[in-house]
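What the coordinates show
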Amino acid sequence: MSSKVVDCRGLACPHPVINTKNALEEAGAETVVIIVDNDTARQNVTLFARNAGYEVTEEKEDGTYRLIIRKPGKAGEKEKQKDTAPSPVNETVYFITTNVLGQGSPDLGQVLIKSFFISIAAINPPPAALLFLNTGVFLTCEGSPVLEHLEKLQAAGTVIMSCGTCLEYYHIKEKLKVGKISNMMEIISWLLGPHRPITIA
Amino acid sequence: MSQVLRHLPLPQDPRLMVGLNTADDAAVYRLNDEQALIQTVDFFTPMVDNPYLFGQIAAANALSDIYAMGGKPLLALNIVCFPDCLSPNVLQEILRGGADKVLEAGGIVAGGHSVRDDEPKYGLAVTGLAPPGRIITNATARPGDLLVLTKPLGSGIIITGCKAGLVSGRAAQEAFAAMSSLNKEASAAMLRYNANACTDITGFGLLGHATEMALASRVSLEIEFASLPFLPETAEMARMGLIPGGAYDNKTHLEDKIALERKLKPEELMTMFDPQTSGGLLVSIPPAGAEKMISDLTSRGISGAVIGRVKPSGEKIITVV
């Protein structure tokens, strides 16, 4: 299991939180370990990570704290979904690397991608996850023709993730409207199973 | 601080009306039957980049101790620490901000003292006046009173969020406006409607200063979380863990005095411990006066909200409902 370590010793508030935020948004690691040496940083980083949907465990060693931050385990997540979203979740994961569907006329491609998401949103149970990469990230941002369908899917329990590197490359990180920012490691972990991946390229 | 102060001899002069014993921030000295002198000093390190704004906030904060006791500021002396490496223009702007606020308060900046230091610090020693019979302390809250707060909370959290670059320009402006505004009108209104007690909300946060008031007045206070006014984006910043260390210190010191009768998220709880920079007045006032005071303040464009009530002394000093 890969992990990234960020040493925040000697840093005053709010820097440990900013460094944690950056590490979680950018890291390709499954786990981020934040090392802090004061109680304010310990509590603030924990608060930040828990409220951003991560699990935090803490190890104390001579005046420093190692905060181990990871996304919730699959088992835990399923249990949680049982509580909040009773509807069954499909075992399909869509890996979407384009904002138009198929090669040919871009106009047609846009019409098709829209109709694609309308159709997916109508299927019950909804897919487990939609993973957006490259120009695919335009679909989760402001101005996307399919935002309302993605929101509907998210409400139905579908996990929606956009590649952080891609959002940054196209300078649209601030325009993200639906789902979470993710990284390659997390995207690959979805593709590796147990779900059935379908690629839209 | 009280740990350090208890080793000093307690002043015994009967003319000293308010001194160290009730944790009021200003001292009050009776001059004669008509006049009592109110003396206070406060200074701190910059919390904003703009030196003029810093000067205004530091002055509003120093003047606030006079207002909390129902007094009028007369004279102010600058207290300055300033490094050689910064341009004198910066210092000039800080002092201009302070002077403008003292002028707005109707007082006079009559001098001051400066010291070379690695980090800038600024504040004022302020002298005010009030009739001895109309001095308002934090020690006279009465069961049945309502608690009125005259500025929104969250300035410590917003300052931390600004340092992280995550507060919107609009929310930051609103916070700066609140911090740099005088408690002058709030003080006049509480006097007009016969408030029983008052304190200003600063470094110990809402619950810290409320605890001081309750202890000094030998009462218990009930704070209604849902009624608390907050600066815009305070909740978002708190949720992201942008909470100053002082808030955690306040929580550690106060926790055993507070009963929570309402389920709060950890970050919601912390907002009540957030140290305030130049916060509002917390006024204990009978219900009829509270209503008039708030509508009076509202008509002058100042926020005022009933955030709780005073109860007879109970098991816990503060109950959050």
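Calculation criteria
Residues numbered from 1 in each chain as written. Chains lettered and ligands numbered in written order. Predicted model: local features only at pLDDT ≥ 70, side-chain atom pairs only at ≥ 80, totals over all residues. Helix = DSSP H or I, 4+ residues; strand = E, 2+ residues; numbered from the N terminus. Rg over C-alpha atoms; globule rule 2.2 N^0.38 Å. Contact = placed C-beta atoms within 7 Å. Pairing = 2+ DSSP bridges. Axes fitted to C-alpha atoms, helices over the stretch in contact; angles between N-to-C directions. Domains from an automatic or database assignment.

**Considering the overall build of chain B**
Helix and strand content of chain B: eleven helices and 13 strands. In terms of overall dimensions, chain B is globule-like: its C-alpha atoms have a radius of gyration of 19 Å, near the 20 Å expected for 321 residues. Considered along the principal axes of its C-alpha atoms, chain B spans approximately 55 × 55 × 45 Å. Across chain B, every contact between residues at least 6 apart in sequence was considered, and the portion connecting residues at least 24 apart equals 86%.

**A few points about the sheet that holds strand 12 (residues 305–312) of chain B**
Within a sheet, neighbouring strands are paired by backbone hydrogen bonds and run either parallel or antiparallel to one another. All names here are of chain B. Taken in spatial order, the seven strands of this open sheet run 8-11-7-12-9-13-10, and their pairing is mixed. Across the chains shown, the open sheet's two edge strands, defined by having one partner strand only, are strand 8 (197–200) and strand 10 (258–260). Here the strands of the sheet are splayed against their neighbours by 25° on average, with no regard to which way each runs. Of the strand pairs in this sheet, strand 7 (residues 146–149) and strand 11 (residues 281–285) are connected by four bridges, and their pairing is antiparallel. The residue of strand 11 that forms the bridge with valine 148 is valine 283. Packing against the sheet, helix 7 (residues 205–217) makes contact with strand 8, strand 9 (219–223), strand 10, strand 11 and strand 13 (318–320), and its axis sits at approximately 150° to strand 9.

**Some remarks on the sheet that holds strand 3 (residues 55–61) of chain A**
Residue and element names in this part refer to chain A. Read from one edge to the other, the open sheet built from four strands follows the order 1-2-4-3, with strand pairing classed as mixed. This sheet does not close on itself; its edge strands, each paired only once, are strand 1 (3–7) and strand 3. On average, each strand axis in the sheet is inclined to that of its neighbour by 20°, with strand direction left out of account. Both strand 1 and strand 2 (residues 31–36) contribute to a ladder of five bridges, which runs parallel. Bridging across to strand 2, valine 6 finds its partner in isoleucine 34. Across the sheet, helix 2 (residues 39–51) touches strand 2, strand 3 and strand 4 (64–70), and the angle it forms with strand 4 is around 5°.

**Focus: the domain arrangement of chain B**
Interface size is commonly expressed as the accessible surface area that is lost when the partners come together. Residue and element names in this part refer to chain B. For chain B, the domain assignment lists domain 1 (2–134) and domain 2 (146–320). Put simply, the middle of domain 1 and the middle of domain 2, counted by C-alpha atoms, are 21 Å apart. Counting from both sides, the interface comprises 19 residues of domain 1 and, opposite them, 19 residues of domain 2. Elements with a contribution of two residues or more to the side of domain 1 that touches domain 2: helix 2 (51–68) and helix 3 (88–104). With ten residues, the top contributor of residues to the side of domain 1 that touches domain 2 is helix 2.

**Topic: the pairing of strand 5 (residues 92–96) of chain A**
Residue and element names in this part refer to chain A. In terms of strand pairing, strand 5 meets strand 9 (residues 196–200) through five bridges, oriented parallel. Looking across to strand 9, one finds that tyrosine 94 is bridged to isoleucine 198. In the sheet, strand 5 pairs with strand 6 (residues 129–132) via four bridges, with the strands oriented parallel. Within the sheet, the bridge partner assigned to isoleucine 96 lies in strand 6 and is phenylalanine 132.

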